[in-house]
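Listed below, chain by chain, are the residues.
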Amino acid sequence: MDCKFEEKYSQIPDGLKTTLDRVESFRKKFGDLALFYASGIAKHPKNEQIAELLKKVLKADEREIKIALVYGSRKAYSDLDLFAVSSKATCSSNRWLDIQAYSEKEFEYQLSVFDISVTDPILTGNLVCGDEHYLEIVKQRLREQPITKEAIYYNIIHSKQQRILANENKDMPDLFRGGNSYSQTYMKNALALSTGKRILTRRDLLR
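Residues numbered from 1 in each chain as written. Predicted model: local features only at pLDDT ≥ 70, side-chain atom pairs only at ≥ 80, totals over all residues. Heavy atoms only, no water.

## Things to note about the side chain of Asn155
Alright, step 1. Mapping Asn155 onto the fold places it in helix H8 (residues 149–168).
Alright, step 2. Under the relative-accessibility criterion, Asn155 is labelled buried at 0%.
Alright, step 3. Apart from residues no more than four positions distant in its own chain, Asn155 is found in contact with Val113, Phe114, Tyr186, Met187, Asn189, Ala190 and Leu193. (Helix = DSSP H or I, 4+ residues; strand = E, 2+ residues; numbered from the N terminus. Buried < 20%, exposed > 50% of the residue type's maximum accessible area, 1.4 Å probe, protein only. Contact = heavy atoms within 4.5 Å.)

## Brief notes about the pattern of salt bridges
Alright, step 1. On inspection of all chains with the given rule, the structure shows nine salt bridges.
Alright, step 2. One salt bridge connects Glu108 with Arg141, and the closest N-O pair in it is separated by 2.3 Å. Taken as a pair, Glu108 in helix H5 (residues 104–112) and Arg141 in helix H7 (residues 132–144) lie far apart in primary sequence, 33 residues in all.
Alright, step 3. Between Glu136 and Lys139 there is a salt bridge; the shortest N-O distance is 3.9 Å. A residue pair is termed a helical-turn pair when its members lie 3 or 4 positions apart in one helix, as Glu136 and Lys139 do in helix H7 at three residues. (Salt bridge = Lys/Arg side-chain N within 4 Å of Asp/Glu carboxyl O.)

## Side note on unusual backbone geometry
Alright, step 1. Positive phi outside glycine occurs at Lys59, with the angle close to 55°.
Alright, step 2. Residue placement: Lys59 occurs in the loop between helix H4 (47–58) and strand S1 (65–71).
Alright, step 3. A positive phi angle, close to 55°, is found at Phe114, a residue other than glycine.
Alright, step 4. On the secondary structure map, Phe114 appears in the loop between H5 and helix H6 (116–124).
Alright, step 5. With a relative accessible area of 0%, Phe114 lands in the buried category.

## So, the packing of aromatic side chains
Alright, step 1. Using the criterion set out here, one finds five aromatic pairs in the structure.
Alright, step 2. Ring centres of Phe83 and Tyr102 lie 5.6 Å apart, and the angle between their planes is 45°; this geometry places the pair in the tilted category. Taken together, the positions of Phe83 in strand S2 (residues 80–86) and Tyr102 in strand S4 (residues 97–102) put the pair 19 residues apart, joining distant regions of the chain. Each member of the pair, Phe83 as well as Tyr102, carries the same accessibility label: buried.
Alright, step 3. Ring-pair connections join several aromatic residues into one group, and the members of that group are Phe83, Tyr102, Phe107 and Tyr134. (Phe/Tyr/Trp six-rings, centres within 6.5 Å; stacked < 30°, edge-to-face > 60°.)

## Thoughts on the pairing of S2
Alright, step 1. For S2, the tally of buried residues reaches seven of seven residues, placing the bulk of the element in the interior.
Alright, step 2. Burial along S2 is two-sided: the residues Leu80, Leu82, Ala84 and Ser86 and Asp81, Phe83 and Val85 are all buried.
Alright, step 3. Bridge analysis of S1 against S2 gives six bridges, and the strand direction is antiparallel. Of the residues in S2, the one forming a bridge with Ile67 is Val85.
Alright, step 4. Sheet topology places S2 next to S4; six bridges connect them, and they run parallel. Within S4, the position partnered with Asp81 by the bridge is Asp98. (Pairing = 2+ DSSP bridges.)

## Considering H8
Side chains that are three or four residues apart share a direction in an α-helix, a result of its 3.6 residues per turn.
Alright, step 1. Its 20 residues place the ends of H8 29 Å apart at the C-alpha level, agreeing with the 28 Å of an ideal helix rising 1.5 Å per residue.
Alright, step 2. Those residues of H8 that sit buried are Ala151, Ile152, Tyr154, Asn155, Ser159, Gln162 and Ala166. One face of H8 carries all of its buried residues, which in axial projection span an arc of 155°. What points out from H8, more than 90 degrees from its buried face, is the exposed set Lys149 and Glu168.
Alright, step 3. On the buried face of H8, the contacting elements are H5 and helix H9 (173–194). (Expected span 1.5 Å × (residues − 1). Arc of directions from axis to C-beta.)

Purely spatial values, then, with no claim about function.
Now the structure itself:
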């Protein structure tokens, strides 16, 4: 800190100092972009910034992230939705960031059963880092792989699980709405798959 800043900083009330120190600690840990999102400030991040944020949150380097995509609304004041396949797979969710992260083994299985929580970001998201060729192979696989009974049963089971989750959280509006929404999505996916249809995004399934 320069002398002028130290002089002004010494005059700040202790409570505000504590807040400023926490903000600066958060910025140092996750970077400027994370601070923008956490503060609710309008943002238009570049792929490079999002990739750096993801690496900090996952504590991973480029080699440990197979693919990472940004998806969701991507509006200036919305939270940040990220999808990653990584050896450092760690899901994270708070009021400004939602990371769905999977190991390669988990990801490969969920692809095989057309899990909408995987197929949707794959088909609607934008790649921010990772192997572009692998992503194209995955998209092609979704168009060509057989629809199995296991995939249909998987989606029915997950529909029921999400309904139970919603009913257990009626006093928590976000969880209640989210559980009901995913319950409908999984069931519609199961019905589509049972008739040989691949409807692989939430938007198309809920039409």
